Amino acid sequence: MRRARPTLPLLLSLLTLIAPNSVSAATSAGSEDVGSLNPDPAGAIATRGSVNPDDRWDGGFPLTGCSGIVHAVAAGAEGEIYLGGLFTSCGGVATTNIARFDPAGGAWSALGSGGGNGLGGRVRALAVVAGALYAGGDFTEANTGDAIAANRIARWDGTAWSALGSGGGNGVDANVLTLAGLGDDLYVGGNFLDANVGAPVTVNRIARWDGTSWSALGSGGGVGAARNVFALAAA
């Protein structure tokens, strides 16, 4: 039986919603953009696993939090919680910038296989789409210690990490700042210009991954966004 998802005191970003069955983007340019907010790309959504300013792990969790900054939180289909950021351990378990917490059992675990775990740099965004966990950020490898190349975005299927790409390419060419799922598709925003690095597709800061290939968003000859994309929302 599927467990109910736990209630968390999450700190929410300001998101701009547009028409149903669409994805909207918030960027840094101001009134000309689809939406805008005051981003803090150098700071953290939450520090050391807590949304409280006193820098303590929330009392609703039975174990201590993470050893560094937590930027992103996502709930899995079975009630598990994923945290991403810049840290080396959570609850005393070695976890490289991403970790899993099981509220029912009170246990932390790393995400990796074959002697590796986690991601090789800061994780800024998480999303669960079609049962898989996607992580985006500043890294260029996944499964650190037994690494695979993954340019700033990677997929965890519950057993192993994989890169997102086709035709010899993968990922994006600069940082991923936000993720959103819509159906089986993943939408990715950040400060990148190309997706599928190695066999590039020009996308200009926002792109769609359909599980097989990357594509740009645009019409009338235009592609993507003129400024960095810091937030996405699916409706």
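Remember, predicted model here, so these are calculated numbers, not experimental data.

*Asks:* Got a minute to help me understand the packing of aromatic side chains in this structure?
*Replies:* A ring pair, where both rings are aromatic, is described by two values, the distance of the centres and the angle of the planes. Scanning the entire structure with this criterion turns up three aromatic pairs. Aromatic side chains Phe-101 and Trp-108 sit 4.8 Å apart centroid to centroid with 55 degrees between the ring planes, which places their arrangement in the tilted category. The exposure class of Trp-108 is buried, given its relative accessible area of 7%.

*Asks:* Would you mind going over unusual backbone geometry with me for this structure?
*Replies:* Note on backbone geometry: most residues besides glycine have negative phi, and most peptide bonds are trans. One non-glycine residue, Asn-196, lies in positive phi territory at about 60 degrees. With respect to the helices and strands, the residue Asn-196 is situated in strand S18 (residues 194–197). A positive phi angle, near 80 degrees, is found at Arg-205, a position not held by glycine. Turning to its location among the elements, Arg-205 is positioned in the loop between strand S19 (201–202) and strand S20 (206–209).

*Asks:* Just to check I follow, could you spell out the sheet that holds S20 for this structure?
*Replies:* Hydrogen bonds along the backbone pair up the strands of a sheet, which may run parallel or antiparallel. Here we have four strands laid out as an open sheet, ordered S16-S17-S20-S21, and antiparallel in their pairing. Of all the strands in the sheet, just strand S16 (176–182) and strand S21 (214–216) have a single pairing partner and so form its edges. With direction set aside, neighbouring strand axes in the sheet form an average angle of 30 degrees. Here S16 runs beside strand S17 (residues 185–190); their pairing, made up of six bridges, is antiparallel. Note on S17: the bridge partner recorded for Ala-180 is Tyr-187.

*Asks:* What is the right way to look at the confidence of the model for the chain in this model?
*Replies:* In low-pLDDT regions, the fine details of the predicted coordinates are not to be read closely. For the chain, the average pLDDT comes to 81, and 73% of its residues sit at 70 or higher. Taken together, the stretch residues 1–22 has pLDDT below 50 and engages in 47 contacts with residues farther than four places along the chain or on a different chain. Predicted confidence for residues 29–54 stays below pLDDT 50, and this span has 56 contacts to residues more than four positions away or in other chains.

*Asks:* Whenever I open this one, the sheet that holds strand S14 (residues 161–163) confuses me. Can you help?
*Replies:* Spatially, the four strands line up as an open sheet ordered S9-S10-S13-S14, and their pairing is antiparallel. What marks the edges here is a single partner per strand, and that holds for strand S9 (123–129) and S14. Pairs of neighbouring strands in the sheet enclose a mean axial angle of 25 degrees, with direction left out of account. The pairing of strand S13 (residues 153–156) with S14 spans three bridges and is antiparallel. Residue pairing across strands places Trp-156 opposite Trp-161, the latter belonging to S14.

What counts, and at which threshold
Residues numbered from 1 in each chain as written. Predicted model: local features only at pLDDT ≥ 70, side-chain atom pairs only at ≥ 80, totals over all residues. Heavy atoms only, no water. Phe/Tyr/Trp six-rings, centres within 6.5 Å; stacked < 30°, edge-to-face > 60°. Buried < 20%, exposed > 50% of the residue type's maximum accessible area, 1.4 Å probe, protein only. Helix = DSSP H or I, 4+ residues; strand = E, 2+ residues; numbered from the N terminus. Pairing = 2+ DSSP bridges. Axes fitted to C-alpha atoms, helices over the stretch in contact; angles between N-to-C directions. pLDDT = per-residue confidence, 0-100. Contact = heavy atoms within 4.5 Å.

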